[in-house]
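# Notes for the structure review
Okay, here's what each chain looks like letter by letter:
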Amino acid sequence: DFTMAQALTTTDLQGALPLIARGKVRDLYEIDDKTLLFVASDRISAYDVIMENGIPNKGVLLTLCTQTWFKALKEANPSLRTHFITLDLPPQIPESLRPVLQNRSMQVRKLRILPIEAIVRGYITGSAWSEYKKSGTVHGIKVPAGLQESQAFPDGPIYTPSTKAEQGEHDENIHPDQAVAILGERYASTVAKMAVELYKTAHEYALARGVIIADTKFEFGVDEDGEVVLADEVLTPDSSRFWPKDSYAVGRGQASFDKQFLRDWLVSEGLKGKEGVRMPDDIALKTAEKYQEAWEKITGGKV
Ligand code: ATP
Ligand code: MG
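This part covers the confidence of the model for the protein chain. In this model, the protein chain carries an average pLDDT of 94, and 98% of its residues clear a pLDDT of 70 or more. Confidence metrics for the complex model read pTM 0.95 and ipTM 0.97.

Written out as structure tokens, the structure reads:
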């Protein structure tokens, strides 16, 4: 019952581990110089602004969703490196904090995160659709004329990176050539290749479960040997657009399992991009249901 549950909007490990960063959703703690505790709170952001209140249990769903995907992606490609170590909490965490942290935290390898967001788009929607209508391009890439809204790119998914903005700034869509300028030839081409391959695997996996992954965003890091490692959260409703396959049709926007619902509400209330917005209970509840639905469809699991 989401209405009764309390959302966890901020974590406090009471000094058990040093906090090294708070993102929009996650709190990162250092376990040792090679390992982080990557904790997903129930915070939710839309248009790069964090809402005042949270979505009960969201952090658990994001963590378990990510873990499920890491497993599936590694099964499809055993040579894939991910930052995931374990869902087990480290011994430093006292008994009293374990229940709330369990299943919303993972131990991960501490990496140097490459400063781009590796977006892959299989279908034209969102900012890509807006740009295409104006200029016939997507992230400056020339794509075929005559595409309809929500249509699959006829030549397959495309790699459309963005900058990874500092806190308070907005990510900016860039052409893959700009990613080369930022990352250098070697990392840029590895990231582009890995991102598209991962998207293809995930798209096929989800489609078999009745879900279209319209687009998604990956983050990669580099380890001490210079190897590229899949990091962050993967293929969650926060980092992806999920569409129910049943109701999919080109030529219009799609119903989605993700936070499109919250975004639409913010726009309709004139609250887009405003700080300090408190979601009314019914909006938080409906959003919680969307997260739950996406999780159940993709994993077949219950939480
Ligand atoms: P940012 O904090 O960059 O604005 P965000 O708001 O999306 O992004 P969260 O998703 O809340 O951040 O937190 C995750 C943060 O942890 C991101 O900054 C991400 O780049 C970083 N990160 C993910 N995996 C690792 C890792 N293995 N090692 C170090 N940092 C990581
Ligand atoms: Mg993030």
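One pass over the structure, following the stated rule, counts 1 cavity of 30 Å³ or more. Considering only enclosed or pocket space, the largest cavity measures out at about 50 Å³ in volume. In terms of lining, the largest cavity is formed by Arg26, Phe38, Val39, Ala40, Leu62, Thr63, Thr66, Arg104, Met106, Asp232 and Glu233. Of all elements in the fold, only strand S3 (35-40) and helix H1 (58-76) reach the threshold of two or more residues within the lining of the largest cavity. By residue class, the composition of the lining of the largest cavity is 5 nonpolar, 2 polar and 4 charged.

Along a regular strand, successive side chains alternate from one face of the sheet to the other. For strand S14 (residues 211-222), the buried fraction is high: 12 of the 12 residues fall into the buried class. Across 2 bridges, strand S8 (residues 112-113) lies against S14 in antiparallel orientation. Its bridge partner lying in S14, Arg112 is registered against Val222. Pairing of strand S9 (residues 116-121) with S14 involves 4 bridges; the strand directions are antiparallel. Bridging across to S14, Ile119 finds its partner in Lys217. Sheet analysis places S14 next to strand S16 (residues 240-244), joined by 5 bridges and oriented antiparallel. Note on S16: the bridge partner recorded for Asp215 is Arg241. Hairpin connection of S14 to strand S15 (residues 228-231): 5 residues between the antiparallel strands, including Gly226 at a positive phi of 80°.

A few words on the sheet that holds S3. Taken in spatial order, the 5 strands of this open sheet run S1-S2-S3-S7-S6, and their pairing is antiparallel. Looking along the sheet, the strands with just one partner apiece sit at the ends: strand S1 (19-22) and strand S6 (84-86). Adjacent strand axes in the sheet meet at a mean angle of 35°, parallel and antiparallel pairs treated alike. The pairing of S3 with strand S7 (residues 105-109) spans 5 bridges and is antiparallel. Looking at the pairing, Leu37 lines up with Gln107 of S7.

Rules used throughout
Residues numbered from 1 in each chain as written. Chains lettered and ligands numbered in written order. Predicted model: local features only at pLDDT ≥ 70, side-chain atom pairs only at ≥ 80, totals over all residues. Heavy atoms only, no water. pLDDT = per-residue confidence, 0-100. 1 Å grid on protein atoms, 1.4 Å probe; cavity = no way out; pocket = protein on both sides within 12 Å on 5 of 7 lines; lining within 4 Å. Points joined across faces, edges and corners; volume = space filled by probe spheres on them. Helix = DSSP H or I, 4+ residues; strand = E, 2+ residues; numbered from the N terminus. Nonpolar A, V, L, I, M, F, W, Y, C, P; charged D, E, K, R; others polar. Buried < 20%, exposed > 50% of the residue type's maximum accessible area, 1.4 Å probe, protein only. Pairing = 2+ DSSP bridges. Axes fitted to C-alpha atoms, helices over the stretch in contact; angles between N-to-C directions.

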